[in-house]
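Below are the chains, spelled out letter by letter.
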Amino acid sequence: MRLRAGVVTDCGLVRPANEDSFFLRRGLYAVCDGMGGARAGEVASEMACLGLLALDPATAGGRELRTAVTNVNHAIISRSLSDERLLGMGTTMTAALIREGTLFLAHVGDSRAYLFRDGRLEQLTDDHSWVGELVRRGELTPAQAAAHPQRSIITRALGTDLELEPDLREVELREGDRLLLCTDGLSGLVAESDLAEILSRPESPQTVAELLVKAALEAGGDDNVTAIVVDVLPEGDIDDELGDRILVGPADREGGMHWARRIKSTLVREKLGLKPGAKSKPEMPEGGEPGESAENLPVAGPSPALDSEQEVAEDQASVKTRTRYAARRRWLFVAVGVAVLLVAVVGFAIFNSTVYYVGEHEGKVALYRGLPATVAGIELSAAIELGSVSYETLDPYLRSRVDAHELVSKQEGQRFLRMLETLDDLE
Ligand code: MG
């Protein structure tokens, strides 16, 4: 039995950063959806993924997987208690260990594992969410849960309870099975019938993961979205693309679509500053600021082989897609910014044209329209009516009234000018 895997993660179209993380290694796969203020969620989800480095998928089983998950839970709690910026951070985790045809699942939270077998999609995990509990008790239908305003309330997460136990499950796999691990940014937005339709396609796991994430973006992309697809293939059918590599991501938390090939080039080679072929010992990161823990990402094994022409073409296509979504987002921000600016400028111009004051202009007392101020070298007001009275001849009290630049209505200003003229005539 051989395994072939693909991964895609995307920030989505609404969230400012991607707090999902993923882990891929031959025989061990995980998605994590972090939560917590000020981007602590990405620290939690990445810590959870990195914690899986303690496992050797060639020898581990369900017991070791459970131990790794509970250890990660303790590590996240202790880290969040040692740094007030990380206090309360947590993460979901859906981890799949595949050894000798057996799938060991460990699961906490509302990310999901699905098995696509013989054209049918089966959800392998129960959502540890408030609406998930209501569905299991028969009080909500899955469709009602999917649209429920409280659907994001999670009842079990790593980092929140020292006694936490993950759900554990074993499934015997068969050739032809396709496994999907995903965060709720996919399962919450794309109907199961659509997931099944995309999973039924004959394309590679990488392409299928890409199609799944595209579907989530097309459905609004209102959350971070991550999908790992793993195919169970006959022995010797297709070589495992992963080789001995370990992928942890995303590499770019603000950006759009990323998947394995991109990550192995940017994250593993450049971000870590490792020479091709260099080996580093997997280890848990220590310390570091939120968002910096990626610096500690491990990588093992030989350098990636050169991409085939097909892979290069796929990469180019995917870069185009990513660029399209990024460009769409950029244009949206620009359009909203321009609209806000336009409303502000027009609003101010209207306001500015309705206020008046009396001041001195070319030695005379005059009526001005606009505010008595200058912004960036631009006068906000202009004299619209020049009176006949000389500013210099005004008595000190009247001059102080003129110098006060008090805002008045047009009629009040004109009355004041006439009054000065009348006083002038009396003298
Ligand atoms: Mg999510």
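Look up: the structure comes first, before these words.
Right, let's walk through the structure included here.

Parameters at a glance
Residues numbered from 1 in each chain as written. Predicted model: local features only at pLDDT ≥ 70, side-chain atom pairs only at ≥ 80, totals over all residues. Heavy atoms only, no water. Salt bridge = Lys/Arg side-chain N within 4 Å of Asp/Glu carboxyl O. Helix = DSSP H or I, 4+ residues; strand = E, 2+ residues; numbered from the N terminus. Polar contact = N/O pair within 3.5 Å; in protein donor to acceptor, adjacent residues only side chain to side chain. Donors = N, O, S within 2.8 Å, 3.2 Å for Na, K, Ca; no water. Buried < 20%, exposed > 50% of the residue type's maximum accessible area, 1.4 Å probe, protein only.

1. A word on the pattern of salt bridges
With the rule as written, the count across this model stands at 19 salt bridges. Ionic pairing is found between Arg 253 and Glu 46, a salt bridge with its closest N-O pair at 3.0 Å. Of this pair, Arg 253 sits in the loop between strand 12 (246-249) and strand 13 (258-259) while Glu 46 sits in helix 1 (residues 40-51), placing them 207 residues apart in sequence. We note a salt bridge from Arg 99 to Glu 100, for which the minimum N-O separation is 4.0 Å. Connected through shared salt-bridge partners, Arg 112, Asp 127 and Glu 192 make up one network.

2. Describing helix 10 (residues 396-403)
Its side-chain oxygen 2.9 Å from the backbone nitrogen of Tyr 397, Asp 395 forms the N-cap of helix 10. Phi turns positive, to about 50 degrees, at His 405, one or two residues after helix 10.

3. Considerations on the coordination of the magnesium ion
Taken together, the protein donors to the magnesium ion comprise Asp 33 (OD), Asp 184 (OD) and Asp 223 (OD), at separations of 2.0 to 2.2 Å. Here the donor residues for the magnesium ion map to a single chain with the spacing D-x150-D-x38-D. Pair noted here: Asp 33 is in strand 3 (residues 28-35) and Asp 223 is in the loop between helix 7 (205-218) and strand 11 (225-233), with a separation of 190 residues, a long-range link. Taken as a pair, Asp 33 and Asp 223 share a single burial class, namely buried.

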